[in-house]
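# Notes for the structure review
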Amino acid sequence: MDLSYTPEEEDFRARLREWLAKVLPGLPPKPRPEDWPGRRAYDLGWQRTLYDAGYADVHWDASPTMRLIFLEETERAGAPYVGANFVGLLHAGPTIAAEGTEEQRARWLAPILRGDEVWCQGFSEPGAGSDLAALRTRAWRDGDDYVVSGSKIWTSHAEVADWCELLVRTDPEAPRHRGISWLAMPMAAPGITVRPLRTLAGSAEFAEVFLDEVRVPVANRVGAENDGWRVTMVTLSFERGTAFVGEVVACRRVLGDLARVAHANGTWDDPVLRRRLGRLNAEFRALWRLTQWNVSEAEGRGVPGVGGSVFKLRYSHARQELYDAAAAVLGPDALDLDRPWVLDRLSSLSYTIAAGTSQIQRNIVAERILGLPKGR
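Since we're looking at a predicted model, the values are computed, not measured.

Reading the values: rules and limits
- Residues numbered from 1 in each chain as written.
- Predicted model: local features only at pLDDT ≥ 70, side-chain atom pairs only at ≥ 80, totals over all residues.
- Heavy atoms only, no water.
- pLDDT = per-residue confidence, 0-100.
- Helix = DSSP H or I, 4+ residues; strand = E, 2+ residues; numbered from the N terminus.
- Phe/Tyr/Trp six-rings, centres within 6.5 Å; stacked < 30°, edge-to-face > 60°.
- Axes fitted to C-alpha atoms, helices over the stretch in contact; angles between N-to-C directions.
- Parallel < 35°, antiparallel > 145°, perpendicular 65-115°, else oblique.
- Contact = heavy atoms within 4.5 Å.
- Nonpolar A, V, L, I, M, F, W, Y, C, P; charged D, E, K, R; others polar.
- Salt bridge = Lys/Arg side-chain N within 4 Å of Asp/Glu carboxyl O.
- Buried < 20%, exposed > 50% of the residue type's maximum accessible area, 1.4 Å probe, protein only.
- Pairing = 2+ DSSP bridges.
- Core = buried A, V, L, I, M, F, W, Y, C linked by side-chain atoms within 4.5 Å.
- Expected span 1.5 Å × (residues − 1).
- Bend = angle between axes of the 7 residues up to and from the residue.

## Description of the confidence of the model for the chain
This prediction gives the chain a mean pLDDT of 85; 87% of its residues lie at or above 70. When the elements of the chain are averaged for pLDDT, helix H11 (residues 358–369) gives the smallest value, 70, and strand E5 (residues 180–186) the largest, 97.

Rendered as structure tokens:
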């Protein structure tokens, strides 16, 4: 498998680097983490800047390799992350581009790319987290609408979202994987209550969402009725495929910074710590190569394959190990929330749960890659 870049791809990289070097110094300061209206405006402002420069559609109209280069270079340059718009850009948008009708693509893709609308993800439920197919939020047909009742939890950015990619059960009598539908729900619809959830770090990046007979047009269903599980697998393949590329680049940068701090404060003299950082360096280099392999596979398939689960499984644990190593380098300062890497260490605890738990990823790898039988 050829993991090298073509002249056209290297030219794209050079032009992107030049543009980032011109634009980034003029950006306003980032809002504080708890200022979600400010963060929404900042993130969407950056998205509009990308749109005006012709880079906004890289997430689904460009090739997977171009997308990889874009994420790698923007992270290396310290450009803003997609932030409040990550569900729209990295999950809902690519899913609609792959599975939506022409009318649906025309309605929703352009506002996401321009930075006009924010999406949230309504998948998990209080009684069906890791076991996503056990969801109980109901939707029944009433003329041209679905009437939706139930609740969702860990709904990313629900407090500032305009739309929600929502999984509902449309046939309670069908086998549980076959009675699910994927809907685009307007968050301004009557009957929706949003209650933000505060994280260990003190921020509120997701929420509980309660749905009391919310009406969603049937035209907002992506894919066929009761075919939502297959559509969801498309969504999750994007979530576990290239969505973490920028974070791998960031972790490699953090690792280099950790080594420099360790040299400065004397912790580098500990041979156990040196071996730990060396192993992490090898780990993230391997993860980067795995990312390139997954992208190469996606070039032929159109969507990321199950290799994304291998990546997500190992990356989640490697990220936690990286920030545990950072705590060892910082010593007592690892308890100071104002120090670099401390909040990142707290957020890393969620990575083995978010986007599919490690237990679920192991099942996917066992069944779909290794061909092992399903458990009963």
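From this point, the narrative continues.
## What about the packing of aromatic side chains?
Per the counting criterion, the structure on display carries eight aromatic pairs. For the pair Trp19 and Trp46, a centre-to-centre distance of 5.9 Å together with 35° between the ring planes defines the contact as tilted. Taken together, the residues Trp19 in helix H1 (residues 7–23) and Trp46 in helix H2 (residues 36–53) connect sequence positions 27 residues apart. Between Trp154 and Phe206, the ring centres sit 5.3 Å apart and the planes meet at 80°, which makes this aromatic pair edge-to-face.

## Observations regarding the packing of H2 against helix H5 (residues 102–114)
Put simply, H2 and H5 touch, their axes get as near as 7 Å, and they point 105° apart. Compared by their axis directions, H2 and H5 come out roughly perpendicular. In this structure, H2 uses Leu44, Gln47, Arg48 and Tyr51 to contact H5, whose residues at the interface are Ile112, Leu113 and Arg114. Its residues assigned to classes, the contact of H2 with H5 comprises four nonpolar, one polar and two charged.

## Considerations on the pattern of salt bridges
According to the stated counting rule, one finds 23 salt bridges in the structure shown. Here Asp116 and Arg114 are joined by a salt bridge, their closest N and O atoms 2.6 Å apart. One salt bridge in this structure joins Asp145 and Arg215, with 3.0 Å as the shortest N-O distance. Note that Asp145 is positioned in strand E3 (residues 145–156) and Arg215 in strand E7 (residues 206–217), a separation of 70 residues in sequence. Overall, the relative accessible area of 39% leaves Arg215 in the partly exposed class.

## Some points on the pairing of E5
Within E5, six of the seven residues are buried, which leaves the element mostly enclosed by the surrounding structure. The pairing of strand E4 (residues 163–169) with E5 spans seven bridges and is antiparallel. Its bridge partner lying in E5, Leu167 is registered against Trp182. Sheet analysis places E5 next to strand E8 (residues 221–222), joined by two bridges and oriented antiparallel. Looking at E8, one finds that Leu183 is bridged to Arg221.

## Considerations on the environment of Gly100
The topology assignment puts Gly100 in the loop between helix H4 (86–99) and H5. For Gly100, a relative accessible area of 10% gives the class buried. Sequence separation between Gly100 and Asn220 is 120 residues, and the spatial gap between their C-alpha atoms is 9.4 Å. Ignoring anything within four residues of it in the chain, the contact list for Gly100 reads Thr95, Arg105 and Val222.

## Regarding the nonpolar core
Among the nonpolar cores identified, the biggest contains 69 residues, and Phe12, Phe70, Trp119, Trp182, Leu258, Phe284 and Leu322 are the most heavily contacted of them. With 10 residues, helix H9 (residues 307–330) is the single largest residue contributor to this core. Not counting residues up to four positions away in its chain, the partners in contact with Phe70 are Phe12, Leu16, Leu50, Tyr55, Val58 and His59.

## Focus on the side chain of Arg40
With respect to the helices, strands and loops of the structure, Arg40 is situated in helix H2. When residues no more than four places from it in sequence are discounted, the contact partners of Arg40 are Ala84, Asp116, Val118, Val160 and Asp162.

## Looking at H4
With 14 residues, H4 should reach 20 Å at 1.5 Å per residue; the first-to-last C-alpha distance of 19 Å fits that figure. Maximum bend of H4: about 40°, positioned at Ala92, with proline Pro94 one to four residues after it. For H4, the buried fraction is high: 11 of the 14 residues fall into the buried class. When H4 is considered as a whole, its buried residues turn out to be Phe86, Val87, Gly88, Leu89, Leu90, His91, Ala92, Gly93, Pro94, Thr95 and Ile96.

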